[in-house]
Every structure is written in C-alpha cells, then in structure tokens.
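Each chain, letter by letter, is given below.
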2 protein chains.
Amino acid sequence: MTQQLVAGIDIGGTNTTFGLVDARGTILFKETIATEHFPIPEDLVAVVCEHIKKAFEPFAGKYELKGIGIGAPNGNFFKGTIEFAPNLKWKGIVPLAKLFSERLDCKALLTNDANAAAIGEMIFGGARGMKDFIFITLGTGLGSGIVVNGEMVYGHDSFAGELGHVIMFPDGRQCGCGRKGCLETYCSATGIKRTYSDLLIGQHEKVNVGMGADARYIYNKAVGGDKTAIEAFNYTGDILGLALANSVAYTSPEAIFLFGGLALSGDFIFKPTIESFERNLLPIYKNKIKILPSKLPENDAAILGAASLIWKDDGH
Amino acid sequence: MTQQLVAGIDIGGTNTTFGLVDARGTILFKETIATEHFPIPEDLVAVVCEHIKKAFEPFAGKYELKGIGIGAPNGNFFKGTIEFAPNLKWKGIVPLAKLFSERLDCKALLTNDANAAAIGEMIFGGARGMKDFIFITLGTGLGSGIVVNGEMVYGHDSFAGELGHVIMFPDGRQCGCGRKGCLETYCSATGIKRTYSDLLIGQHEKVNVGMGADARYIYNKAVGGDKTAIEAFNYTGDILGLALANSVAYTSPEAIFLFGGLALSGDFIFKPTIESFERNLLPIYKNKIKILPSKLPENDAAILGAASLIWKDDGH
C-alpha cells in the first residue's frame, strides 16, 4: 500500500517554514525562506511548491502527497484564506489554501498558527487521546487554540480562541489591538518584559531592559537569583493562573498546555501559574485539571501543527 | 406512523415541573409538585412517573413516549446524575436519569438547567439553525450554556459553561461560591439588587430594598424614571457587556441570548449591555454578533429545555 506524506507550511511575518511530515510526525524534509522577499503571495506559493515538489521526488515511488496543511496569521479555516494580517505585507484577503491546492493538485487546509499548533499537540504531542483541552502559546503575544469534544473550536467566523485579547483589567495596560488590559499585555514575552521594566522603575533602578532583552534574558536573571526577575515571573503567573481558571469556566478542559518561549522557563512560570490557577478555580474544578508544558518540539511545532490539520481531517 | 412525545422534567430547589412535549414544542400536559416534600429522590421519581403515565393515557394509541429529558442543578450529562447540588435536600450523587429510565422504560438524558434551556433555544427558540451561540440565564444567579458547532459544550467533566463564576474583579464582591468578584455577583437579579442598594447607600438615602425587592421592583422603578434604578441597570449592563465581549474571544458565536427575569427588562438592560459589548470587543468581532432576548416562553422554558435534550439527541 502506498504510504502518505503531508506538506506542513507555516507562514510567519518574517519566515515561511515548510516540510514533509509522515503519519508519525517524522519530518522528512524541512526548509525556510524569507516571507518578506515575496510582496505577492502567488510568488511565495510558486517557490514553496517548487521546493516541495523537488523534495518529494525521492519519496515518489513509496509515498503520495496526501495534502497541504497551512498555519498562518489571521487564517480563516472555513474559507482557506488569510484575512488582513497586520504582520504580513499581503493586503486584503488572500485565498492561500486554493493557491497551494491548485499548484500541488491536492487538498489544502489552513488555520491560524495557534490553532494549528493546538491540533499538532492533539495529533503528535501531549494531548493525544484528549478530547477537551486548551493550548496556549506564550510568544510575542498570547495565542490559543481550544479543543472541545475532539474538535477545534472555530466559532461562527473561524476566529474563535483569541484568549490573548480577553480583557483582564478594564483600565490596564495598553494593548496593540487598541484596547486596554488584554491578557497578552501581561502574559507573553512582551508582557513579562514590561513587568520586569515596571518593577525596576518602581525600585528606582536604572532600567536597561533594551530591545535585546526577552523572556530568556529575564529567565537567566531569575536562574541567577535576581529577585526582580523572579517577582516578574510570579506576577505573570499570578495573572495567567487567574485567566486560565476563568477559561475553565467556559470549556472545562482535561488539561491546559503552555507552549513558547515563556513556557520554557519551567518552574519559574509554572509554579506561580498553577498556584494562582488552583486558588482561583471554582471549587467543582479544583485539583482535576492539569497545566502542562507542550510536548511539541519548539523548532518543529509550526510544521507539525500545520501538517496535523490534514492528518486530523482524516480522523487520524 | 406512530408519533412521538417526550417527557420534560425540570427539577428545582423548590418545585419540580414536568410535562409532555411534542416535536414542535407544544406542551400537551404540564404539572408542578414541591421538590422539598420528597427528602428521598426515589419517592419524587415514583410520583412524577405516575403522573406522567396517567397524563400519557389519552395519547397512548397515537403516540409513543420517546424519552425523558431532565434539567437539574449540578446535573452531569455524561453520568445522568445530580452531584452534590447545594440547593437540593438530596445528598451526594443521585443517579436520576437511571431512576426515571427504569420507571418509564425509555431513554433518559439529564443536564443542568441552563444547558437544557440553551438546547431548548436551539430546538424550539431563537437559535434554530444556529451552530454557535451562547445562552445566558439572568436569574438569582447567572447560568449559561455554550453551543459550538451545533453541539453543547460539556467539557471533560460535564461541568463546562459556568460563566456566572468567571472572576471579573479579583477583589470584587463576595460570591456564594467562596471566591470574590464572580460575574453573577454583578449580573443577576441578586447582583442588580446589590448594585441598587449600594447606589442608594452612596447617596446616603434610606435603604429600603428589602427581601421582597427583586429585578422586577428595580425595573418598575426605572420605568417610573428613578435615576438610581436606571443607573443600576447601566452598571449591570456595563459589566455584562464586558463579560460577553470576553466570551466571544473564546467561542466566537453568531449570537448571545439573554433569558430570565433581568432579560425581560428590555432596553434598560439590553442597551447598556450592547453598548459595553461593542466597545469592549476585539475589532475583528465588532458589529457582527447579535445580543438577543431568548424566544423561549418564560414559564415553559424549563420543560421545553428538558424535553429538547431528547429531541436534540435524535438530530431533530
């Protein structure tokens, strides 16, 4: 019997990474090109498809290309389009799934990057066998994917699962979305950096948390025993735990997975998050929901997530 | 062909109401008994089943009993049980669906009252044809049912959809659940009464909002032009609108339905709620989600909701 491979494509503001993934989640080929070099989406699609075709050649006898899964900012699963993505040069609505599908003559599915990673967690990661979970990416912002009864929650317009923009404090920090107090202004790499700066200012310390400073910088400080860095993690975890406790009141998941730079900070982030989470949970939910680090490998999560859209579609 | 009827049973702390409902949502028979008179659940089940059997007799030739739908506090859909319901005299876990099913020899399904009403809205009310919506009951507390892709969100433990216990303000009003700042301490009949009292106290007015005062009392005051009553509605709507805007970030519904006493206050509650809702929505969601009054008749919603569990199960 012919075996199957899936092309997983992750389109980001800076880079587009793509690869060929088998049913077990093994990446047989992987490549990255600069998204910014392609002001016209059709040109990027053409180049990516050429690379995929070429990469597929050695496998052609044994495998067939089952489909193309795409993770992209502002991706609309129902329409297969990218819609007004602020961090891409492509304007308006781009029918990306159709462009790929026509070029490679197979099925193409597209969703936003956080949803793709959530499905990746379900197919290849720590959520295997789970029917109800929430997946959180703590990157520059806070992305999320919600799975209910084994299915991704897309909502009426395919834009469900924007937990980064739940308003935690109505008069809180200014968010890039134009509103104030969104969760991601506190709980993200950007958020913890802001907290760390605020704490230093509060101590009248000279603030030197420049553009180069990131969650890793604050993590390293914390490892070195820096009390301000540890306090920044505690503050971040305290708010994240409250937000996750509130999330449970919506979908009552079996587990919540944390992914991304900040989630790699181990106990510094997990301990205060779990403490706040349990403290803020409604009694009926206490001590039964796991908060776990993602089991997706940091560097391959995007491709695996994108590819899992197709494997999932098959009831894999 | 034999037509079918469903028994709908709503078990509340004070009363148990039950009836026979046809596929169109017509209630052919309805009766209420006092829950409190039955310290042992088996006794209540026996009496209710006797009444249903008797009421069914005139229809026996033409109809068959398709099933029993039950709405009850702390109802577990997966197990068909009521679990530690604080406002019922029955202690521990009561296998209520099994008790009814055995007595009437047909299928029985059970869920909590808010979920049952949400399914009622989908089968017989304003959510017909909708796949993604949120249903909110504004009663003594705030109950909710979330529907995603045409299916009720039960979550891992069947206790999903407790939006009344989302923490809006970490140091806010004391809630009966033991925590502080829960949505229902602001947005419910009890919540608006508390707000109205607080406003009067703030104005150094003699507070005479006694136990008899309810949402209806404040509504009547507002109709009469009482500025404090109108301010209480505005305050309630402001918080409810924010909470609903946050809810959209979870499941991106097509509509949100408001049910219950407070929802019958028309523009007094809907206007400030919708204003706050739109103001607090993430831009991608603005101006596309409807906030609507429930179309279920206030007095029959509980029976219709309970019965709809069975009709829904059939893919009705």
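Mind laying out the overall build of chain A, listing which residues take part and the relevant values?
A tally of helices and strands in chain A yields 8 helices and 13 strands. The C-alpha atoms of chain A give a radius of gyration of 20 Å, which matches the 20 Å a tight globule of 316 residues would have. For chain A, the share of sequence-separated contacts (at least 6 apart) that also reach a separation of at least 24 residues comes to 65%.

Account for the domain arrangement of chain A, with residues named and values stated.
Residue and element names in this part refer to chain A. On domain assignment, one finds that chain A holds domain 1 (3-119 + 300-313) and domain 2 (130-293). For domain 1 and domain 2, the distance between their C-alpha centroids amounts to 28 Å. The partner domain 2 presents 11 residues to the 10 residues of domain 1 that form the contact. The greatest single-element share of the side of domain 1 that touches domain 2, amounting to 6 residues, is contributed by helix α3 (residues 113-124). When the residues that make up the side of domain 1 that touches domain 2 are grouped by side-chain class, the tally is 7 nonpolar, 2 polar and 1 charged.

How would you sum up the pairing of strand β4 (residues 63-71) of chain A? Please name residues and give values.
Residue and element names in this part refer to chain A. Most of β4 sits inside the fold, with 7 of its 9 residues counted as buried. Inspection of the sheet shows strand β1 (residues 3-11) paired to β4 by 8 bridges, in the parallel sense. Its bridge partner lying in β4, Q4 is registered against E64. The pairing of β4 with strand β8 (residues 108-111) spans 4 bridges and is parallel. Each residue of the ladder has a partner; that of I68, found in β8, is A108.

I'd like a description of the sheet that holds strand β10 (residues 142-148) of chain A, backed by residues and values.
Residues and elements named next belong to chain A. Sheet architecture is open: 5 strands sit in the order β11-β10-β9-β12-β13, paired in mixed fashion. Since the sheet does not close on itself, it has two edges, and those belong to β11 (151-152) and β13 (290-293), each with one partner. Alignment of strand β9 (residues 133-138) against strand β12 (residues 255-259), held across 5 bridges, turns out to be parallel. Following the sheet pairing, I136 is matched in β12 by L258.

Could you give an account of the interface of chain A and chain B, naming the residues involved and the relevant values?
Contact with chain A, which involves 32 residues of that partner, is made by 33 residues of chain B. A per-element tally of the side of chain A that touches chain B places helix α6 (residues 227-251) of chain A first, with 5 residues. Among the residues forming the side of chain A that touches chain B, the class breakdown is 17 nonpolar, 9 polar and 6 charged.

I'd like a rundown of unusual backbone geometry, residues and numbers included.
Residue and element names in this part refer to chain B. Located in the positive-phi region is S252, a residue other than glycine, with phi close to 40 degrees. Inspection of the secondary structure puts S252 in the loop between α6 (227-251) and β12 (255-259). Of the residues examined, S252 has 24 C-beta atoms within 10 Å and is grouped as buried. One non-glycine residue, N287, lies in the positive phi region at around 60 degrees. Secondary-structure assignment places N287 in the loop between α7 (267-280) and β13 (290-293).

Could you give me a rundown of the relation of the copies chain A and chain B, with the residues and numbers involved?
You can overlay chain A on chain B at an RMSD of 0.0 Å; the transform is a turn of 180 degrees with a shift of 0.0 Å along its axis. As the rotation angle and translation indicate, the two copies are arranged about a two-fold axis. Taken together, the interface assignments show that 100% of the residues at the interface of chain A recur at the interface of chain B, consistent with an identical surface on both copies.

Can you explain the packing of helix α4 (residues 189-202) of chain B against α6(B)? Please cite residues and give values.
Residues and elements named next belong to chain B. Taken N-terminus to C-terminus, the directions of α4 and α6 make an angle of 130 degrees; their axes are 9 Å apart at the nearest point. In this view, α4 runs oblique relative to α6, as classed from their interaxial angle. For the element pair α4 and α6, the recorded crossing hand is right-handed. The segment α4 lies against α6, with G191, I192, T195, Y196, L199 and L200 engaging T228, A229, E231, A232, Y235 and T236. Looking at side-chain class alone, the contact of α4 with α6 contains 7 nonpolar, 4 polar and 1 charged residues.

Would you mind going over the sheet that holds strand β1 (residues 3-11) of chain B in detail, with residue names and values included?
Residue and element names in this part refer to chain B. Strand order in the open sheet formed by 5 strands is β3-β2-β1-β4-β8, and the pairing between neighbours is mixed. Every interior strand has two partners, whereas the edge strands, β3 (27-34) and β8 (108-111), have only one. Geometrically, the sheet is characterised by an average inter-axis angle of 15 degrees between neighbouring strands, direction not taken into account. Along the sheet, helix α2 (residues 96-104) contacts β4 (63-71) and β8; its crossing angle with β4, the most-contacted strand, is approximately 165 degrees. Strands in contact with helix α3 (residues 113-124) are β1, β4 and β8; relative to β4, the strand with the most contacts, it is inclined by about 135 degrees.

An account of α7(B) is needed here, citing residue identities and associated values.
Residues and elements named next belong to chain B. In this model, α7 (14 residues) spans 19 Å end to end at C-alpha, consistent with the 20 Å of a helix rising 1.5 Å per residue. Buried residues of α7: F268, I269, F270, P272, T273, S276, F277 and N280, and no others. Buried residues along α7 sit against α5 (215-223), α6 and β13.

Account for the nonpolar core, naming residues and giving values.
Of all hydrophobic cores here, the largest spans 202 residues; its most connected members are A:I70, A:I136, B:I70 and B:I136. Excluding residues that lie within four positions of it along the chain, A:I136 makes contacts with A:L142, A:S144, A:L163, A:I256, A:F257, A:L258 and A:F259.

Describe the pairing of β1(A), and please don't skip the residues or the numbers.
For a regular strand, side chains alternate in direction, first toward one face of the sheet and then toward the other. Burial runs high along β1(A): 7 of the 9 residues are buried. The turn linking β1(A) back onto strand β2 (residues 15-21) of chain A is made up of 3 residues.

I'd love a proper account of the environment of A:L258, names of residues and values included.
All names here are of chain A. You can see L258 is positioned in strand β12. For L258, a count of 23 C-beta atoms within 10 Å gives the class buried. Along the chain, L258 and L138 lie 120 residues apart, while their C-alpha atoms are 7.1 Å from each other. Beyond its immediate sequence surroundings of up to four residues, L258 is in contact with I136, L138, A263, I291, P293 and S294.

Procedures and definitions
- Residues numbered from 1 in each chain as written.
- Chains lettered and ligands numbered in written order.
- Predicted model: local features only at pLDDT ≥ 70, side-chain atom pairs only at ≥ 80, totals over all residues.
- Helix = DSSP H or I, 4+ residues; strand = E, 2+ residues; numbered from the N terminus.
- Rg over C-alpha atoms; globule rule 2.2 N^0.38 Å.
- Contact = placed C-beta atoms within 7 Å.
- Domains from an automatic or database assignment.
- Nonpolar A, V, L, I, M, F, W, Y, C, P; charged D, E, K, R; others polar.
- Buried ≥ 20, exposed ≤ 12 C-beta atoms within 10 Å, placed from the backbone.
- Pairing = 2+ DSSP bridges.
- Least-squares fit on C-alpha atoms with pLDDT ≥ 70 in both.
- Axes fitted to C-alpha atoms, helices over the stretch in contact; angles between N-to-C directions.
- Parallel < 35°, antiparallel > 145°, perpendicular 65-115°, else oblique.
- Left-handed = near helix turned anticlockwise from the far one by under 90°.
- Expected span 1.5 Å × (residues − 1).
- Core = buried A, V, L, I, M, F, W, Y, C linked by C-beta atoms within 7 Å.

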